[in-house]
Structure formats: C-alpha cells, structure tokens
Amino acid sequence: MRTQVCIIGGGPSGLLLGQLLHNKGIDTVVLERKTRDYVLSRIRAGVLEKGMVDLMHEAGLGARMDAEGYIHDGTVLSYDDRQIRIDFKELTGTSVVVYGQTELTRDLYNGREKVGAKTEFEAEDVQIHDADTDHPYVTFTQHGAQKRIDCDYIAGCDGFHGVSRQTIPTSVRRDFEKVYPFGWLGILSETPPVHHELIYANSSRGFALCSMRNENLSRYYIQCPLTDKPENWSDDAFWAELKRRIPQEYAETLVTGPSIEKSIAPLRSFVSEPMRWGRLFLCGDAAHIVPPTGAKGLNTAASDVQYLYTALVQVYEEKDSEGIDRYSEKALSRIWKAERFSWWMTNLLHRFPDQSDFDIRMQITDFEFLASNRNAQAVLAENYIGLPY
Ligand code: RFL
Ligand code: PHB
C-alpha cells in the first residue's frame, strides 16, 4: 500500500488532520489499533476552544456541532462557599463550546467514511521504519496478516501510550513530566446539569467539577486518591461526596440519578521535545499531556493539527519546507503555555496530600486576588478560551 501521509491513531488528532488533508487533495491512511466502536465509547473532553471549532468548520464537519453544541460565555470557580464568575465573553469577546469529544470523533469518522478515505482498524503491532530517511514506511498486523504502507510523511497521532513517540531515539528526545498525587473520578448521568455553566470547585475535601454534555446529560468529577477503584464508589457515595464539595446552593438543587459511566483518570503534565524526527511528526497526546483542569488536552491537539496541516499543504502545494521545519518549535511554544495554565489551574483548585497551612493560604489569596482583580480574571479567561495559534 502507498499513501502520502500515514496517520497513526484514529483519535480526534488523527481524524481531523486526515480530513483537512483530504480536502486539499492529499491522500492519507489512518491506522487505528482499536475498533471504531471502542474509540467512540471513550468519554473524554467536553470543552472546545474557538480554534478547534473553526478547524471543524474548515474540515466541513461543523454542522452537528453548531446545532447541538452549547455556547458558554463564562464559568464559575468556587472556594468553599465563595464563588467567582469568569465572564469569558465580556473579558475576551470570545466564548467556548461544550460538545463532547465522543460526538466530535463520531462526526470525524462519519466525514472520513463519506469521502471514502481509508481507515485500517484493529491495526496491531504498528512499527515505524526509516523515519529519518526520505523513504519512511510503516508495518502492522491486521487479523493475522502482515501489511506495509510506504509514505512521504508519518503523523504520530497515537496518544500518550502510542508507538510514535517511542520511535524517536532517546538520544534525540527529551521528556518533561509531572505526575500529580491524585486522580479524577468521573461519572456521566442522564440528569439535568446543576448549573448552565461549568463549576470548578475547591473545597477542604478536594476538587470537584460540574460539567455537562446536554440538557439531560451531566458530567461530574471529584478528586480522589490514585488507589481508589471506580467499582468501589457507589453512585450514592459519589453524589454525597460531590454535594459536600460544591457551594451549598448547588448541592441543594443537584439532581442525582444512576451513573451510565464511571472511571478514574490520573493527572499528569508531560511534554516531549522535539515533536519532529525526520519525516515523523508527533501530534496531540502523543507528544504532550495536561491535567484536565484547564480543558486543554483536545484543544492543544487541535493547534498541533492546524500547524501540521498548514505545513504539509505548504510542502505539497508550494514545495516549501519552512512549515515542517518550524513545526516542532511553533507547536511547542503554544503547548508550554497551555501546560503552564493547566498546571496553575490544577494547583489553584486541588487539595494536595502534603499541603501546609501556608500553601492553603496561598491558594485562598490567589483566589481572592482573582475575585477582586479584573486583569487576573482576563488572564484566566484568555487562557481558557485559548491562546491564538
Ligand atoms: P487519543 O484520543 O488518545 O487518540 C489516540 C488514538 O491512537 C490509538 N492508538 C494507536 N493506534 C495504532 N497503533 C498504536 N500503537 C496506537 N496506540 C494508540 C488509540 O486507540 C486512539 O484511538 O489522542 P489525540 O487524538 O491526540 O486526542 C487527545 C485527546 O483525546 C485528549 O487530549 C483529551 O481527551 C484530554 N481531555 C480534555 N481535553 C480538552 O481539550 N478539554 C477537556 O474538557 C478535556 N477533558 C480530557 C478530559 C481527558 C480525560 N481523560 C480520560 C484522559 C477529561 C478526561 C477525563
Ligand atoms: C468535561 O466535561 O469532561 C470536562 C470539562 C472541563 C474540564 C475537564 C473536563 O476542565
């Protein structure tokens, strides 16, 4: 098999890149380790920056997102019973869109199928060869058969546990990592959201987040020890704990119900540099991870896609390698800022096992400064709605 760009990973990064390239007449093959149904069963991000929304439009796949997504002009932050509303719209002129990653990924798969672009599911043992030469190729096994794809470029969009980053020799690669001493226990329930905007809550019992997917589908998270298991958290225990962590007015009106999904995600900050090795380009979670507190994971994947897509079009249409040569530097510059914001939000809103009274006072002071200072709110809003590409 031969293609121009071989994309490893059929998550949002790989699919969005594939659609944008296809629209420019560039041929791609997506290799996905799992099945389509498996990928679409993962409940993940919920908040889209304008940059991601614009890219979905550019891909020609924004119609359902426009019809079913929710525009959020602000968010609520609370510290015990004290609340601040950050008004994104007023502070920056821009909003975010609440539209689940699952739905966005479904739109991307439907789009890819509609144009007949090739996706190989259940591609096992994917291996990248000769990425540092002009003739890279990828091998994999599918239903017992060995396959090979020759290509011009490889996009490593295979997430944190993928093979792409590992292909870059450790002599070239530098990894930066911070692992947080807690996770997020999340549930999805067919209940109306407790509030029309997201609530990020810091309480003496730990962090909580009230999010949503639509008017009868809510997504809630609570900070939990990494040793906890979702199956040991009954729904009743989850709701009781959530109520203790959010301001009283919401605890009193929260509608509870059976969970339809329950999982624990660890929190990590991670960046791998560089994001290019020869003809291999890393994109999204394959190169970097943020803790979900700033809602930046999917959105940083989108900015990588935008830089890589533009760079590849520049190579194919203008025979100009400036974009691919500067890809790693440009992508990393924006990523580190998203890393900083996510790390700061995580520190502001969580309780840490080794936190001293002084550390708590610093959190409270940070929160009070934010409550009283418009510029501080504007900085938060600018980062939350997404820094320019
Ligand atoms: P993905 O989504 O992990 O997709 C990678 C794909 O590659 C496949 N794969 C392979 N395929 C072939 N060969 C291999 N060797 C392979 N290894 C892996 C995988 O099966 C998969 O299909 O990475 P991508 O595309 O870069 O997308 C990144 C986003 O998924 C991620 O950043 C976000 O979900 C993070 N995130 C959030 N981001 C936001 O922007 N806003 C949010 O509100 C938000 N909330 C979240 C989140 C992530 C969470 N979890 C569970 C980690 C909330 C949570 C709880
Ligand atoms: C979500 O709805 O899953 C969500 C929203 C905001 C975040 C993280 C996750 O910061």
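All of these numbers come straight from a predicted model, not from anything done at the bench.

Around ligand 1, the structure places 33 residues, and the nearest of them are Ser 13, Glu 32, Arg 42, Gln 101 and Leu 298. Contacts to ligand 1 include Asp 158, whose backbone N or O atom sits 3.5 Å from a nitrogen atom. Measuring from an oxygen atom of ligand 1, one finds a backbone N or O atom of Asn 299 at 3.1 Å. Burial of ligand 1 by the protein chains amounts to 88% of its free accessible area of 1,000 Å².

Turning next to the sheet that holds strand S3 (residues 47-48). Taken together, three strands build an open sheet; the order of strands is S3-S7-S4 and the sheet is antiparallel. Each edge of the sheet is formed by a strand with only one pairing partner; in this case those strands are S3 and strand S4 (70-72). Pairing geometry for S3 and strand S7 (residues 96-98), over two bridges, is antiparallel. The residue bridging Val 47 from the neighbouring strand is Val 98, located in S7.

Okay, the sheet that holds strand S20 (residues 288-289) next. With mixed pairing, eight strands are arranged side by side in an open sheet as S6-S5-S14-S15-S16-S13-S17-S20. Of all the strands in the sheet, the pair left with one neighbour each is strand S6 (82-87) and S20.

Taken as a whole and judged by the stated rule, the model has 26 salt bridges. Between Glu 241 and Arg 245 there is a salt bridge, with the nearest N and O atoms lying 2.8 Å from each other. Of this pair, Glu 241 and Arg 245 are both found in helix H8 (residues 235-245), four residues apart, which corresponds to roughly one turn of the helix. With respect to burial, Glu 241 and Arg 245 carry one shared label: buried. Shared partners join several salt bridges into a network, and the residues in it are Arg 64, Glu 68, Glu 103, Arg 106 and Asp 107.

When its domains are assigned, the protein resolves into domain 1 (5-70 + 100-177 + 268-347) and domain 2 (180-267 + 352-385). If you average the C-alpha positions of domain 1 and of domain 2, the two centres end up 29 Å apart. Taken together, the 25 residues of domain 1 in the interface contact 23 residues of domain 2. Of the roughly 1,900 Å² buried between domain 1 and domain 2, counting both surfaces, carbon and sulfur atoms make up 61%. For the domain 1 face of the interface with domain 2, the top three residues by lost area are Ile 43, Tyr 70 and Trp 344, together amounting to 27%. The interface formed by domain 1 and domain 2 holds zero salt bridges in total. Our count for the contact surface shared by domain 1 and domain 2 stands at eight residue pairs in polar contact (both at pLDDT 80 or more).

The rules behind each value
Residues numbered from 1 in each chain as written. Chains lettered and ligands numbered in written order. Predicted model: local features only at pLDDT ≥ 70, side-chain atom pairs only at ≥ 80, totals over all residues. Heavy atoms only, no water. Near = heavy atom within 4 Å. Polar contact = N/O pair within 3.5 Å; in protein donor to acceptor, adjacent residues only side chain to side chain. Areas by Shrake-Rupley, 256 points an atom, 1.4 Å probe, with all protein chains shown as cover. Pairing = 2+ DSSP bridges. Helix = DSSP H or I, 4+ residues; strand = E, 2+ residues; numbered from the N terminus. Salt bridge = Lys/Arg side-chain N within 4 Å of Asp/Glu carboxyl O. Buried < 20%, exposed > 50% of the residue type's maximum accessible area, 1.4 Å probe, protein only. Domains from an automatic or database assignment. Contact = heavy atoms within 4.5 Å. Buried area = accessible area lost by both parts, 1.4 Å probe.

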